[in-house]
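# An overview of the molecular structure
Chain by chain, the residues run as shown.
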Amino acid sequence: MSARHDLHAAPAHDVVVVGSGIVGLGAALAAVDRGLSVLVVDRSAVIGGSTIRNFGHLCLTPQSGEARRHAIAARGLWLRLARDAGFWASERGTLVAARHPDELELLDELAAARTERLLGDRPEIEPLDERELRALAPVSPGVTLGGALLPYDLQVDPREAADAIRRHLESRGVRFLTRTSVGSVRSRRVETSRGPIDAGTVVVATNHDLDQLLPDLAERAELQRCGLDMLRVRADLARPLVAPLLTGWSLIRYSAFAGTAAADQVRARLHAERPDLAALDLNQMYTQLPDGSVVVGDSHQKGAAISPFQDERASVAFLDEFRALFGAEPVVTERWQGVYASGRDEFVVDEVEPGVLVTVVATGIGMTTGLGLAEHVVGSHLDGGRDAALSPAGSSALSPTASPVASSSGDSALLPSVLTGSRS
């Protein structure tokens, strides 16, 4: 038998990654950073899944627990990759538009709980009065009461960033084998439609398609698919939207916001006032890309399979809410459906056989946490720390120096503080 087919021979690749989404790219990065040979296998010819069908919003501040730790680690990696791979990344944070006193109360509650200065001298949540918010976001007069600035969040253009990261990894020697399906994985072996591939370590980063490759694990994790509708529009806004903009609907979705005592009141009011939007499981938010277009969304529906037929009521609601918030007429230039994994827990991490690692973000925060998750799981395993790799990220990941940090190639200045101590 040739060495290629001898499982006891030296592996053809130190690490084989199944899946080229953001977690798979992060796994490849963790391996090549350690001087290892890496092959990434994907059934698609291009990166086209949830990694590019999103807002490009890297929202670390709204996360809690393990997700927060991975997000903080990912922030440094995103900034490093923006510099090294040469893509746009904005460090202008996130804006939150509050339209009811209970939303301001929620923001104040979380701000009071976030007293550690983990990423810099500024607080993680800076309150804004109505005037201050309108100076940073093109919201109509009288629509909001104020809000907040989350100065450490990031934004990228996901379509540009994913391809740039792939090219950067290729320049460092990572190989990509596309249009290749994986039928099974086991220790030191990946069976593909092009034949078997030997590997020292195998990383499964297939997101919702985990149920195709490892269905028993997916069922134990209660993994299903979450489909979402999104739009890209152009509009004559009063001023540019300088950072991603969240609303009250976002405050009842992201875990740090939703975990506050005030969140129950916000949720009950929003659902009572707008049952139509609640039925869409809406996260009303907006990001403006460098070309001036605005990404608008998004709705959510879950199931074992997602219908490809999009209900136009979601788009109508998105556009109506856009008009109400910004006082401008949106013109739709693109529509799309995203699909991502949704499970009982936010992450599915396992070693299903010796040296076969599963790394899946099982909620809609893959761009925010995926690079940090991959570094934690794959990096720890490659460093010889099996127990650390399979456990939730520890407190050390909260350090801003847990991952290499560099200034981005894009908008590198945090928004100037407009905080006066309280909302007027």
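First things first, this report covers the structure right here in the doc. Think of each chain on its own: its residues are numbered from 1, step by step along the sequence as written. Reporting in this predicted model follows two pLDDT cut-offs: at least 70 for local features of residues, and 80 or more for side-chain atom pairs to be given and counted; totals over whole chains, interfaces and linings ignore these cut-offs and use all residues. To get the side-chain values, all heavy atoms of the structure are used, and hydrogens and water are removed first.

## Quick look at the pattern of salt bridges
Think of a salt bridge as a Lys or Arg side-chain nitrogen and an Asp or Glu carboxyl oxygen that are within 4 Å of each other. Across all of its chains, the model carries 35 salt bridges by this definition. When the shortest N-O distance is used, the salt bridge between arginine 225 and aspartate 211 registers 2.5 Å. Remark: aspartate 211 occurs in helix α6 (residues 210–213) and arginine 225 occurs in strand β13 (residues 224–234); sequence separation between them is 14 residues. Three exposure classes are used, based on accessible area relative to the maximum for each residue type with a 1.4 Å probe and protein chains only: buried under 20%, partly exposed in between, and exposed over 50%. Residue arginine 225 is classed as buried on the basis of its relative accessible area of 10%. Judged by its relative accessible area of 22%, aspartate 211 is partly exposed. Measuring nitrogen to oxygen at the nearest pair gives 3.4 Å for the salt bridge that ties arginine 344 to aspartate 345. Arginine 344 gets classed as partly exposed once you look at its relative accessible area, which sits at 46%. Look at aspartate 345 and you get partly exposed, because its relative accessible area is 42%. Beyond isolated ion pairs, a larger network of salt bridges with shared partners links Asp33, Arg80, Arg83, Asp84 and Arg172. Each helix corresponds to a stretch of at least 4 residues labelled H or I by DSSP, and each strand to a stretch of at least 2 residues labelled E; elements are numbered beginning at the N terminus.

## Here we look at the packing of aromatic side chains
Ring pairs are drawn from Phe, Tyr and Trp, using the six-membered ring of Trp, whenever the two centres fall within 6.5 Å, and their geometry is named by plane angle: stacked under 30 degrees, edge-to-face over 60, tilted for the rest. Here the structure, examined in full by the defined rule, presents four aromatic pairs. Relative to phenylalanine 326, the ring of tyrosine 286 has its centre 4.9 Å away and its plane inclined at 75°; by these criteria the two rings are edge-to-face. Note that tyrosine 286 is positioned in strand β15 (residues 285–288) and phenylalanine 326 in helix α12 (residues 312–326), a separation of 40 residues in sequence. Residue tyrosine 286 shares its accessibility class with phenylalanine 326, and that shared class is buried.

## Re the pairing of strand β11 (residues 189–192)
One ladder, built from four bridges, connects strand β10 (residues 182–186) with β11; its direction is antiparallel. What sits directly across from valine 182, in β11, is threonine 192. Here β10 folds back onto β11 in antiparallel fashion, the turn holding two residues, of which arginine 188 has a positive phi close to 65°. Alignment of β11 against strand β12 (residues 195–204), held across four bridges, turns out to be antiparallel. Across the sheet, residue glutamate 191 finds its bridge partner in β12, namely proline 196. Hairpin connection of β11 to β12: two residues between the antiparallel strands. Paired strands are those between which DSSP finds at least two bridges.

## Description of the sheet that holds strand β4 (residues 89–90)
In spatial order, the strands read β3-β8-β4; together these three strands make up an open sheet with antiparallel pairing. Each having just a single partner strand, β3 (57–58) and β4 make up the two edges of the open sheet. Of the strand pairs in this sheet, β4 and strand β8 (residues 154–156) are connected by two bridges, and their pairing is antiparallel. Bridge pairing in β8 links serine 90 to glutamine 155. Strand contacts of helix α2 (residues 65–85): β3, β4 and β8, with the helix running at about 40° to β8, the strand carrying the most contacts. Only heavy atoms enter the contact rule, under which two residues are in contact if any of them lie within 4.5 Å. Here, axes are lines fitted to C-alpha atoms. For helices the fit covers the stretch in contact, and angles between N-to-C directions go from 0 to 180 degrees.

## Regarding the environment of leucine 289
Here leucine 289 shows up in the loop between β15 and β16 (294–297). What makes leucine 289 buried here is its relative accessible area of 7%. For the pair leucine 289 and proline 158, spaced 131 residues apart in the sequence, the C-alpha separation amounts to 10.0 Å. Once you skip the residues sitting within four places of it in the chain, leucine 289 turns out to touch Gln155, Asp157, Arg232 and Val295.

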